[in-house]
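Take a look at the letters that make up each chain.
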Amino acid sequence: MEWEFTPQQVVKGEVGYGLEAFRDDLMQEVSLNVPGIGKGQLNAIFALAYDLCYWLATGKDYDEFEARFQDINAVMFLRALREHGKANVEMLGAVLQRMIMDGVEEGLPVADAVERVAAHQLELARQRDFNPGRC
């Protein structure tokens, strides 16, 4: 995806861009890149793309993520997502950092702010039928 602002602007709070907007944008990108598939498949691909972005944005090792998949088509798809989704990972990382910083600014200890962000994103990720604008 391309934005008219930078991840650094998101982290600094100069731009109001949150997790819900990121997810909306990612779904739009996925739907444009894999046209003509059913809603169920689209949601599954979106979920995989989001999970990979979140995994990488939180500093986890790509190889550990890929190791969970046995299907060669899924692995090849993941590798393509990784290669072409670096900007998405960076932006999601910025969004998560901003959310944590917001929690700290509200008076939460860092660990509690991190936990709150993780719980919020998990709740959004659990929504199987993603409808842009709903989360």
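Residues numbered from 1 in each chain as written. Predicted model: local features only at pLDDT ≥ 70, side-chain atom pairs only at ≥ 80, totals over all residues. Heavy atoms only, no water.

(A) Here's a closer look at the overall build of the protein chain. When you go through the protein chain residue by residue, the secondary structure sums to 7 helices and 0 strands. Beginning at the N terminus, the succession of helices and strands in the protein chain can be written as α-α-α-α-α-α-α. By the compact-globule yardstick of 14 Å for 135 residues, the protein chain fits well, its C-alpha radius of gyration being 15 Å. Seen through its C-alpha atoms, the protein chain measures out along the principal axes to roughly 45 × 30 × 25 Å. (Helix = DSSP H or I, 4+ residues; strand = E, 2+ residues; numbered from the N terminus. Rg over C-alpha atoms; globule rule 2.2 N^0.38 Å.)

(B) Molecular detail of the nonpolar core. Counting residues in each nonpolar core, the largest one holds 34 residues, and the members touching the most others are Y17, F22, L26, Y50 and L92. Counting residues per element, this core draws most heavily on helix α3 (residues 39-57), at 10 residues. The contacts of F22, once residues within four sequence positions are left out, are M1, W3, Y17, Y50, N88, M91 and L92. (Core = buried A, V, L, I, M, F, W, Y, C linked by side-chain atoms within 4.5 Å. Buried < 20%, exposed > 50% of the residue type's maximum accessible area, 1.4 Å probe, protein only. Contact = heavy atoms within 4.5 Å.)

(C) Representation of helix α5 (residues 72-84). Counted at 1.5 Å a residue, the expected span for α5 with its 13 residues is 18 Å, and the 18 Å between its end C-alpha atoms agrees. By the burial criterion, the buried members of α5 are A74, V75 and L78. Viewed end-on, α5 has its buried residues packed into an arc of 100 degrees, placing them on one side of the element. In α5, the exposed positions angled more than 90 degrees off the buried face are occupied by I72, N73 and H84. (Expected span 1.5 Å × (residues − 1). Arc of directions from axis to C-beta.)

(D) Quick peek at the side chain of R98. Here R98 lies in helix α6 (residues 86-105). Ignoring any residue separated from it by four or fewer positions in sequence, one finds R98 in contact with V10, V11, K12, G13 and E105.

(E) Fine view of the packing of aromatic side chains. For the coordinates displayed, the defined rule picks out 6 aromatic pairs. Summarising the aromatic geometry, the rings of W3 and Y17 are spaced 6.4 Å apart at their centres and angled 70 degrees between planes, so their arrangement reads as edge-to-face. Here W3 is found in the segment before α1 (7-12), whereas its partner Y17 is found in the loop between α1 and α2 (19-33), with 14 residues between them in sequence. A relative accessible area of 19% means that W3 is categorised as buried. Judged by its relative accessible area of 9%, Y17 is buried. Between Y50 and Y54, the aromatic rings sit 6.3 Å apart at their centres with planes inclined by 25 degrees, giving stacked as the arrangement. Within this pair, Y50 and its partner Y54 are both found in helix α3, separated by 4 residues, close to a single helical turn. (Phe/Tyr/Trp six-rings, centres within 6.5 Å; stacked < 30°, edge-to-face > 60°.)

(F) Molecular detail of a nonpolar patch on the surface. On the surface, a nonpolar cluster with roughly 220 Å² of combined accessible area is contributed by V104, V110 and V114. Along the chain, the position of V114 falls in helix α7 (residues 110-125). Its relative accessible area of 38% is what places V114 among the partly exposed residues. (Patch = residues over 30% accessible without salt bridge, like charges linked within 9 Å, V, L, I, M, F, W, Y side chains within 5 Å. Areas by Shrake-Rupley, 256 points an atom, 1.4 Å probe, with all protein chains shown as cover. Salt bridge = Lys/Arg side-chain N within 4 Å of Asp/Glu carboxyl O.)

(G) Expanded view of the packing of α2 against α3. Viewed as axis vectors pointing N to C, α2 and α3 meet at an angle of 125 degrees, and their least axial separation amounts to 10 Å. Classified by the interaxial angle, the pair formed by α2 and α3 is oblique. Considering how the two elements wind past one another, α2 and α3 form a crossing that is right-handed. Of the residues in α3, those in contact with L19, F22, R23, L26, M27, V30 and S31 of α2 are L42, N43, I45, F46, A49 and Y50. (Axes fitted to C-alpha atoms, helices over the stretch in contact; angles between N-to-C directions. Parallel < 35°, antiparallel > 145°, perpendicular 65-115°, else oblique. Left-handed = near helix turned anticlockwise from the far one by under 90°.)

(H) Molecular detail of α6. Taking 1.5 Å per residue, 20 residues should reach 28 Å; α6 reaches 29 Å between its end C-alpha atoms and fits that length. Those residues of α6 that fall on the buried side of the exposure criterion are N88, V89, M91, L92, G93, A94, V95, L96, R98, M99 and G103. In the segment just after α6, G107 is the residue with positive phi, at about 105 degrees.

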